[in-house]
Amino acid sequence: MPLQVLDHPLASHLLASLRDERTPPQEFRQLARRLTTLLVLQATYGIRTRIDRVTTPLCETEARVLDQGLAVVPVLRAGLGMLEPIVDLFPDVAVGYIGLERHEETAVARSYYSKVPQSVEGRFTLCVDPMLATGGSAAQAISLIKAHGASQITMVSIVSAPEGVEKLQQAHPDVAIVTAALDEKLNDRHYIVPGLGDFGDRLYGTP
Ligand SMILES: O=P(O)(O)OC[C@H]1O[C@H](OP(=O)(O)OP(=O)(O)O)[C@H](O)[C@@H]1O
Ligand SMILES: O=c1cc[nH]c(=O)[nH]1
Ligand SMILES: [Mg+2]
């Protein structure tokens, strides 16, 4: 599936502040929520709809309504920073959780928690994790989500590296990727450059 890079002046503006090393955690969390709202509008464009009828104070008319449930699976911990706006926009969403932590040196992700509802089957499913670096965490998370029956999955990230996009597209060619930025590269510690640093640490104030 092609990669979609969100191209909107407000998204760029919010991302600039997220990247800024001076942005404190409280503001960082708010920016992450606002940018996720924009990303999710793009990511859910293909959710199934149907035509219903509604009566306005003036007459009856056709109205397009949602005809498919949404599921979201944030990858702990940083993905939690993207959850709240999605639950606000889609109150009937089914939420699963996957805990993954990269090894500091190898960057290989270790799984420490997983609770994905079987109800992802048939739902339009978003896997959310703000950083797509080597792609190891996203590829593992999506394999787990698929094992629970999901078949229509979109990966939503805030910043992506070319290496991560390539890995995910190879591992899961059926999964769409929506991101706010495709950055230049990974450094020798597997961090995205220019990136924004460690998203989880900046979100939760844990240097
Ligand atoms: O594409 P990858 O190379 O796998 O890297 C991306 C992962 O790294 C970060 O999580 P981290 O392991 O730091 O855990 P945290 O969210 O708990 O800080 C980030 O939130 C992704 O999950
Ligand atoms: O740049 C990166 C890479 C992985 N995880 C982060 O939080 N930042
Ligand atoms: Mg981290």
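- If you check an unreviewed UniProt entry, the chain appears there as Uracil phosphoribosyltransferase from Fimbriimonas ginsengisoli Gsoil 348.
- A UniProt comment under Sequence similarities (unreviewed entry) is attached to the chain, and it reads "Belongs to the UPRTase family."
- Of the chain, the UniProt comment under Cofactor (unreviewed entry) reads exactly: "Mg(2+)".

**Some remarks on the site of ligand 2**
- Around ligand 2, the surrounding shell consists of Arg-102, Met-131, Ala-133, His-190, Tyr-191, Ile-192, Gly-197, Asp-198 and Phe-199.
- Within the backbone of Phe-199, an N or O atom sits 2.8 Å from an oxygen atom of ligand 2.
- Coverage of ligand 2 by the protein amounts to 89% of the 240 Å² it exposes when considered alone.

**Some details on the pairing of strand S2 (residues 49–55)**
- As paired strands, S2 and strand S3 (residues 60–66) are joined by 7 bridges and run antiparallel to one another. Following the sheet pairing, Arg-50 is matched in S3 by Val-65.
- A loop of 4 residues connects S2 with S3, the two strands running antiparallel in sequence.

**Observations concerning the nonpolar core**
- Membership of the largest hydrophobic core comes to 38 residues, with the highest contact counts inside it found for Leu-35, Leu-39, Leu-126, Ile-158 and Phe-199.
- Listing elements by their share of this core, those giving two or more residues are helix H1 (9–19), helix H2 (25–43), strand S4 (70–76), helix H3 (83–89), strand S8 (124–128), strand S10 (153–160), strand S11 (176–182) and helix H6 (199–204).
- Looking at which element gives the most residues to this core, the answer is H2, with 7 residues.
- Here Leu-35 is in contact with Ala-11, Leu-14, Leu-15, Leu-18, Ile-158 and Ala-180, once residues within four sequence places are set aside.
- Within the second largest apolar cluster, 23 residues are counted, among which are Ala-109, Ala-139, Ala-150 and Met-155.

**Some thoughts on the UniProt feature "domain: Phosphoribosyltransferase" (unreviewed entry) in the chain**
- The UniProt feature table records "domain: Phosphoribosyltransferase" (unreviewed entry) at residues 5–206.
- Secondary structure content for residues 5–206 is 32% helix and 31% strand, and the end C-alpha separation is 29 Å.

**Concerning the site of ligand 1**
- Around ligand 1, 15 residues are found, and the nearest of them are Arg-102, Asp-129, Thr-134, Gly-135 and Ser-137.
- Between ligand 1 and Arg-77, the relevant distance is 3.0 Å, taken from an oxygen atom to a side-chain nitrogen or oxygen of the residue.
- At 2.7 Å, a backbone N or O of Arg-102 approaches an oxygen atom of ligand 1.
- Against a free-state accessible area of 500 Å², the protein chains account for coverage of 92% of ligand 1.

**Re the environment of Glu-60**
- Examined against the element boundaries, Glu-60 turns out to sit in strand S3.
- Those residues within four positions of Glu-60 in sequence are excluded, and the remaining contacts are Arg-53, Val-54 and Thr-55.
- A polar atom in the side chain of Glu-60 sits 2.3 Å from the side chain of Arg-53.

**Observations regarding helix H4 (residues 136–147)**
- Taking 1.5 Å as the rise per residue, H4 with 12 residues should run 16 Å; its terminal C-alpha atoms sit 17 Å apart, in good agreement.
- Listing the buried residues of H4 in full gives Gly-136, Ser-137, Ala-138, Ala-139, Ala-141, Ile-142 and Ile-145.
- In the stretch just after H4, Gly-149 is the one whose phi turns positive, near 100°.

**Points about the packing of aromatic side chains**
- A full pass over the atoms with the stated rule returns 1 aromatic pair.
- Plain terms: the ring middles of Phe-28 and Phe-199 are 4.8 Å apart, the flat faces sit at 65° to each other, and that makes the pair edge-to-face. One end of the pair, Phe-28, is in helix H2; the other, Phe-199, is in helix H6, with 171 residues separating them in the sequence.
- According to the relative accessible area criterion, Phe-28 is buried, its value standing at 0%.
- Positioned above the aromatic ring of Tyr-191 is the side chain of Arg-102, whose terminal nitrogen or guanidinium carbon lies 5.3 Å from the ring centre.

**Quick look at the side chain of Ser-160**
- For Ser-160, the location among the structural elements is in strand S10.
- Within the structure, Ser-160 has its side chain in polar contact with the side chain of Ser-157 (distance 2.8 Å).
- Ignoring any residue separated from it by four or fewer positions in sequence, one finds Ser-160 in contact with Leu-132, Val-165, Thr-179, Ala-181, Leu-182, Asp-183 and Ile-192.

Cut-offs and rules
- Residues numbered from 1 in each chain as written.
- Chains lettered and ligands numbered in written order.
- Predicted model: local features only at pLDDT ≥ 70, side-chain atom pairs only at ≥ 80, totals over all residues.
- Heavy atoms only, no water.
- UniProt positions renumbered as here; feature names shortened; annotations may be inferred.
- Near = heavy atom within 4 Å.
- Polar contact = N/O pair within 3.5 Å; in protein donor to acceptor, adjacent residues only side chain to side chain.
- Areas by Shrake-Rupley, 256 points an atom, 1.4 Å probe, with all protein chains shown as cover.
- Pairing = 2+ DSSP bridges.
- Helix = DSSP H or I, 4+ residues; strand = E, 2+ residues; numbered from the N terminus.
- Core = buried A, V, L, I, M, F, W, Y, C linked by side-chain atoms within 4.5 Å.
- Buried < 20%, exposed > 50% of the residue type's maximum accessible area, 1.4 Å probe, protein only.
- Contact = heavy atoms within 4.5 Å.
- Expected span 1.5 Å × (residues − 1).
- Phe/Tyr/Trp six-rings, centres within 6.5 Å; stacked < 30°, edge-to-face > 60°.
- Lys NZ or Arg CZ within 6 Å of the ring centre and 35° of its normal.

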